[in-house]
Amino acid sequence: DDEDWGRITQGMKNALARDMWIYDRSAVTLDELISVARKWKHTHGIGILFIDYAQRIRVPGADRITEVSEVARGLKNLARDLQIPVVSLAQVIKGVDNRPDKRPNQGDLANSDELTREADQIWMLYRECAYDPEANRTIAEILIEKNRHGPTGYKKVHFEESTMRFGDLAHG
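Every value quoted in this text rests on a predicted model; they were computed, and no experiment measured them. (Residues numbered from 1 in each chain as written. Predicted model: local features only at pLDDT ≥ 70, side-chain atom pairs only at ≥ 80, totals over all residues. Heavy atoms only, no water.)

Caption draft 1: A look at the environment of E114. Residue position: E114 is located in helix α4 (residues 113-118). With relative accessibility at 10%, the residue E114 sits in the buried group. Once the C-alpha coordinates of E114 and R73 are considered, the two residues, 41 residues apart in sequence, prove to be 7.7 Å apart. Apart from the residues within four sequence positions on either side, E114 is in contact with S69, A72 and R73. Of note is the side chain of E114, whose polar atom sits 3.3 Å from the side chain of R73. (Helix = DSSP H or I, 4+ residues; strand = E, 2+ residues; numbered from the N terminus. Buried < 20%, exposed > 50% of the residue type's maximum accessible area, 1.4 Å probe, protein only. Contact = heavy atoms within 4.5 Å. Polar contact = N/O pair within 3.5 Å; in protein donor to acceptor, adjacent residues only side chain to side chain.)

Caption draft 2: Quick peek at helix α2 (residues 30-44). Given a rise of 1.5 Å per residue, 15 residues ought to cover 21 Å, and the 20 Å separating the end C-alpha atoms of α2 matches this to within 8%. Three or more residues of α2 are buried, namely L30, E32, L33, I34, V36, A37 and W40. In this structure, the buried side of α2 is in contact with β1 (49-51) and α3 (64-82). Among the residues trailing α2, G45 stands out with phi positive, at a value near 65°. (Expected span 1.5 Å × (residues − 1).)

Okay, here's the thing in structure tokens:
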């Protein structure tokens, strides 16, 4: 809508004012990702690395299961070496949609064995309205499936669909 252009412009100004780097390549290899992250740490002092998504990272010559395992170990080692958190999205298998309770769990991560073993934390997102059109569209759940250094459980949060923003449910 016309009124959104001002918000887009302001959002771009805000993004440009932040120390943020985006490496937008399809089929990035694990070695390439590690090299870029090390360079960014050295030249820019990055404090966190976000990856969209773990199963898209390639390890040439490896079969799919070995590839995901190598990526999981590589990301864990990268986090330790650079002393920064590495936050990676991951695919969830389609089988979740066939269960009565559609909340995903860590076993639902595609090629998940090594991902779940190496991760310090595994968070899943669930929105009931994705399956039930009558459900409240402004409520989401963050499911903490694994937390090596703390509790697990879930937290209901406010979800702003138009901006994909999550927030405190009390302040919705």
